[in-house]
Amino acid sequence: MAILNIRIMLDICLIVVIAASAFVAPVRAAPPSQGTMQNGIPIAKIGGSKICCPSDTVTLDGWASIDVGGEVVEWYWDLDGNGSVDTVADRGELTFRAPEKPQSYLVLLRVKDNGNTMSLPDSAVLHVMEDRPKVTVGPDTTVQIGTRVFFRPRVACHCGAMVSYEWDLDGDEVFEYHSAKNANTSKAYFRPGKYRTRFRVVNSYGKEAGGIQTITVTTQLPR
């Protein structure tokens, strides 16, 4: 009887141990090590595209370029987008003279950090505007003899100020009207004929433009 009781007690202890082992909390793995932060690749940033006139002084802004964990130390400028570096600067601001040829130029910027790492390029566009004036003269017209004709050309130019306005009003290829301020003038025609008047304007860049307006003078206007 005593032996039976001992066996029963041993069986109960074994069941308790098995049950307890089934509810043991799992061991959690240690969190992965965060390691140390490394310097990132620098980021080139141009302040924006520019619009200018030929040979103007232009300033490009690369100060927004950044490097996480380091600093930008050199700015590499490609001013015509051909893949070759034109200027290396040790500061983010670049001032230079714009090209003489009017067109749009692709500008690329790459920067290097103090870890000697080079960025990918950022881009902007330098728009060099046309510096030649654009002129529109009045339409060809027919007037009766003795009529005064008023000439009011339209002149527009993105670059430079107008410095000279001239008119050849009788078609003899001699500019008899000259002004530095006003393109408007008039003339009375007292002889019948066809007059090929010519207008010419010059701006401060030395660029010239003009137009032709034909005035036909008759003794009697057609009905």
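Residues numbered from 1 in each chain as written. Predicted model: local features only at pLDDT ≥ 70, side-chain atom pairs only at ≥ 80, totals over all residues. Heavy atoms only, no water.

### Overview of the nonpolar core
Part 1: Residues W77 and L126 are the most contacted members of the largest nonpolar core, which totals 20 residues.
Part 2: The leading source of residues in this core is strand β6 (residues 103-113), at 4 residues. (Core = buried A, V, L, I, M, F, W, Y, C linked by side-chain atoms within 4.5 Å. Buried < 20%, exposed > 50% of the residue type's maximum accessible area, 1.4 Å probe, protein only. Helix = DSSP H or I, 4+ residues; strand = E, 2+ residues; numbered from the N terminus.)

### Thoughts on unusual backbone geometry
Part 1: With a phi close to 65°, S55 is a non-glycine residue in the positive phi region.
Part 2: Along the chain, S55 falls in the loop between β1 (50-52) and β2 (57-61).
Part 3: Classification of S55 by relative accessible area gives partly exposed; the value is 24%.
Part 4: Although it is not a glycine, E173 sits at a positive phi angle of roughly 65°.
Part 5: On the secondary structure map, E173 appears in the loop between β12 (162-168) and β13 (177-179).

### Describing the pairing of strand β7 (residues 122-128)
Part 1: Side chains of β7 alternate between two faces, with D122, A124, L126 and V128 buried and S123, V125 and H127 left unburied.
Part 2: Pairing analysis gives 3 bridges linking β1 to β7, with the strands arranged parallel. Bridge pairing in β7 places K50 opposite L126.
Part 3: By the bridge criterion, 7 bridges tie β6 to β7 in an arrangement that is antiparallel. Each residue of the ladder has a partner; that of L106, found in β7, is V125. (Pairing = 2+ DSSP bridges.)

### Some details on the sheet that holds β7
Strand-to-strand pairing in sheets goes through backbone hydrogen bonds, with the strands running parallel or antiparallel.
Part 1: Overall, mixed pairing links the 5 strands, which are arranged β1-β7-β6-β3-β4 in an open sheet. In the strand order of this sheet, the two ends are held by β1 and β4 (87-89), each with one partner. Geometrically, the sheet is characterised by an average inter-axis angle of 25° between neighbouring strands, direction not taken into account.
Part 2: Relative to β6, strand β3 (residues 72-78) runs antiparallel, the two being bridged by 6 bridges. Across the sheet, the residue bridging to E74 is K112, located in β6. (Axes fitted to C-alpha atoms, helices over the stretch in contact; angles between N-to-C directions.)

### With respect to the sheet that holds strand β16 (residues 208-218)
Part 1: Read from one edge to the other, the open sheet built from 5 strands follows the order β9-β16-β15-β12-β13, with strand pairing classed as mixed. The open sheet has two edge strands with one neighbour each: β9 (141-144) and β13. The sheet shows a mean angle of 20° between the axes of neighbouring strands, direction not considered.
Part 2: When β12 meets strand β15 (residues 193-203), the two strands line up antiparallel, connected through 6 bridges.

### Some details on the state of the cysteines
Part 1: Following the criterion strictly, the structure yields 1 disulfide and no others.
Part 2: Here C53 pairs with C159 through a disulfide, and the sulfurs are 2.0 Å apart. Where C53 bonds to C159 through sulfur, the torsion about that S-S bond is close to -95°, and the disulfide is left-handed. On the criterion of sequence distance, the pair formed by C53 in the loop between β1 and β2 and C159 in the loop between β11 (154-156) and β12 is long-range, its members being 106 residues apart. Here the two residues C53 and C159 agree in accessibility, since each one is buried.
Part 3: Unpaired in this structure, C52 has its nearest cysteine sulfur neighbour in C53, at a distance of 6.8 Å. (Disulfide = S-S within 2.5 Å.)

### Focus: the packing of aromatic side chains
Part 1: All told, the structure shown has 4 aromatic pairs when counted by the stated rule.
Part 2: For the ring pair W167 and F199, a centre distance of 4.9 Å and an interplane angle of 40° mean the geometry is tilted. Of this pair, W167 sits in strand β12 while F199 sits in strand β15; the two residues are 32 residues apart in sequence, bridging distant segments of the chain. Both residues of the pair, W167 and F199, belong to the buried class.
Part 3: With centroids separated by 4.8 Å and ring planes inclined at 45°, the aromatic side chains of Y189 and Y195 adopt a geometry described as tilted. Y195 carries the same exposure label as Y189, and that label is buried.
Part 4: Taken together, the ring pairs in this structure connect F151, W167 and F199 into an aromatic cluster. (Phe/Tyr/Trp six-rings, centres within 6.5 Å; stacked < 30°, edge-to-face > 60°.)

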